[in-house]
Every structure is written in C-alpha cells, then in structure tokens.
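So you can see what is in the structure, the chains are spelled out below.
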Amino acid sequence: MEKQRILWMDIAKAFGILVVLIVHSGISLGWVTFLGGMFYMPVFFVLAGMTFTWRKEEGFWSFVKKKARRLLVPYFSYNLFLFLFFFAKDRLLTGSISSEAFFPLLGIVYSRNCLYDMNAAHNVYFMQILNAPTWFLTGLFVSLVIFRLLMQAARGDLRRLMALNSGVLLLAVLVHYFCPVLLPWSLDCALYAVSFLSFGKALAAYGCVEKLYKKPPALLFLAAAFVGLSLVNGSVNMSVAEYGSSMILYLLAGGLGSLLCMELSLFLEKHTRYLAAGCAWLGRHTMPVLCLHLFVFSVIGTLLGMF
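Predicted, not measured: the structure shown is a model, and the values here were computed from it. (Residues numbered from 1 in each chain as written. Predicted model: local features only at pLDDT ≥ 70, side-chain atom pairs only at ≥ 80, totals over all residues. Heavy atoms only, no water.)

*Asks:* Please provide a residue-by-residue account of helix 8 (residues 187–206), values included.
*Replies:* Between the first and last C-alpha of helix 8 there are 29 Å, a value that for 20 residues agrees with the 28 Å anticipated at 1.5 Å per step. Roughly 25° is the biggest bend found in helix 8, and it falls at Ala193. Within helix 8, 15 of the 20 residues are buried, leaving the element largely enclosed by the surrounding structure. Positive backbone phi, at 60°, marks Gly207, one or two positions downstream of helix 8. (Helix = DSSP H or I, 4+ residues; strand = E, 2+ residues; numbered from the N terminus. Expected span 1.5 Å × (residues − 1). Bend = angle between axes of the 7 residues up to and from the residue. Buried < 20%, exposed > 50% of the residue type's maximum accessible area, 1.4 Å probe, protein only.)

*Asks:* Break down a nonpolar patch on the surface for me, with residues and values.
*Replies:* On the surface, a nonpolar cluster with roughly 490 Å² of combined accessible area is contributed by Leu170, Leu174, Tyr177 and Phe178. Counting through the fold element by element, Phe178 comes out in helix 7 (residues 158–178). Overall, the relative accessible area of 68% leaves Phe178 in the exposed class. (Patch = residues over 30% accessible without salt bridge, like charges linked within 9 Å, V, L, I, M, F, W, Y side chains within 5 Å. Areas by Shrake-Rupley, 256 points an atom, 1.4 Å probe, with all protein chains shown as cover. Salt bridge = Lys/Arg side-chain N within 4 Å of Asp/Glu carboxyl O.)

*Asks:* Any details on the nonpolar core? Residues and values, ideally.
*Replies:* Of all hydrophobic cores here, the largest spans 104 residues; its most connected members are Met50, Phe136, Tyr192, Met238 and Met262. Considering each element in turn, this core owes the most residues, 13 residues, to helix 6 (residues 135–154). Sequence-distant contacts of Phe136, that is, excluding residues within four places in its chain, are made with Met41, Phe44, Phe45 and Leu290. (Core = buried A, V, L, I, M, F, W, Y, C linked by side-chain atoms within 4.5 Å. Contact = heavy atoms within 4.5 Å.)

Okay, structure coming up:
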C-alpha cells in the first residue's frame, strides 16, 4: 500500500533540488546560494528520517531489497544510459575505442566523484560522464541501511537511537580525519548522514514542524542561529566530504536549515495554491532531475552554442 504523500514534504524536496540546480548551473545568487548550500543535501536525509518506519515484522534483508529497488535500480539505470550515450558519442562515432573508454564504469561501481578530497594536489576523478550527482542515491542507500540497523538495535526507542547515533557520529568523524581516501558508495558520508536521519526521526516523533510553525518568535531565533552557524562554519559540499570548519557545526547548520526549509514549505502549503502545487510536483520528481540535470544542461549548452 502506497504511503499518502505529505504536500509540504514534497515542497521541501523541491526547494532542495532547486538549490542543486542553481549551484550546478554555476549561477551565484549570493546569500541564497550560500545559505541554500547549507541544507540542500541534508534536507533530503532529514525528510527520509521523518518518513522512516521500522517494523519488527519486516526482516533486514527484506528492507535492503526494498531500498535497493527504490534507489539502486534507478542509480544503475541512469548511469547505464549516460555511459552508453557518451560511449557512442565519444568512441563509436569517432572509431577510437581504448581501455580509457571503459573508465567511467569504474566510477559507476565506486560511486564517488573523486578518490581524494578537493585539497589533494593530485586527484582521481571517477564520475566523468555528467553523473556526479548520482552519488546521492548510493549514499542514501548506505545511510538508510545503517540507520535500519540502529533502529533495530534501539528497538524503536528514540533515546536509545540517539545514544547509538552518537557512536556512529564519532566513527564518522574518525573516518573523515584519518581515512586517506573518500570511500566507495560514500560510506564515510553515509555514516555522517545518519545523524540527519536521526534528527528527522526526532522531528517526526515530537511533531516539531507543526508545533514550531505556530511560534514565529522561535522561528526567528532559529533563523538567526542558522545564519550565524553558517557564517562561522563556511561553505560545504557533502559529496566530497567538505564540511566547513567543523563537522558538528555543519550538523547544527544543516539540521536547522532543513527545519526552516520545511517551515517555509508548510507556509506555502497553507497560504498558496498553485505555487505549492507546482513545487510539490517538482518535489515528487526529484530523482530524475537530480540524475539527469547535468546532462540536460550540457544538451542545452550545446544547442545554444550551435545558434
């Protein structure tokens, strides 16, 4: 049975994907780009945590298979399309086929944009066929599997979950600072993202979004805290493990930004009609937009260059 969709959650996803499009288009909108960059990835993890349901009767492998169908099948499908397109375009049409032509397959398997962080003097870039954004699908899959194990160990108890999550967060910090490479399938990032999932679960358990919506002074305070934390922490990029000056500060900034994004989404649901409906439609189709927008940007750029 399909879950009933919640309009403001779809709107929040739309805000997240719109920031992704703005950032990846190379457009700089000042404060909008900077502050949006603090939550445009965390909001998807927080929302996933809010809608996460642990059922005792559902076996672990049954859960893994369900999430694999939801995330991994699209991941490999979109990447296969991009690989075949560029293989045909760059290799078959030119008649030049070498071992380098198959290197993107390694990127698809490794599912990480690069081997080292962006500060490395020399790097290995895996995802070269406009498929870098698809890292999110494998990263979300791994984080959900870890979160499912935590929920099972906590037996659904929120306090136990938070205690276990603190251990996973410590592991994420240690991996980040002591592992010399970015791990495949964003395992290092997934360990960190589990905290956003846990935050989302807590928001849902206490009904925080609806309760805070009725308290404008509290929202203003949280907005000021979000801006302040963002300025102190600096720019971030989860896909390559750039968390600003502090991983903890980014958790706070990303969590608050996600919460404020959801509050704004709830406002649109209550006070607009067509804008809310349009945003919700986009929010329901974030996966194809995420996976193919760089390809579409490239096609548009090529067509504009021709004219």
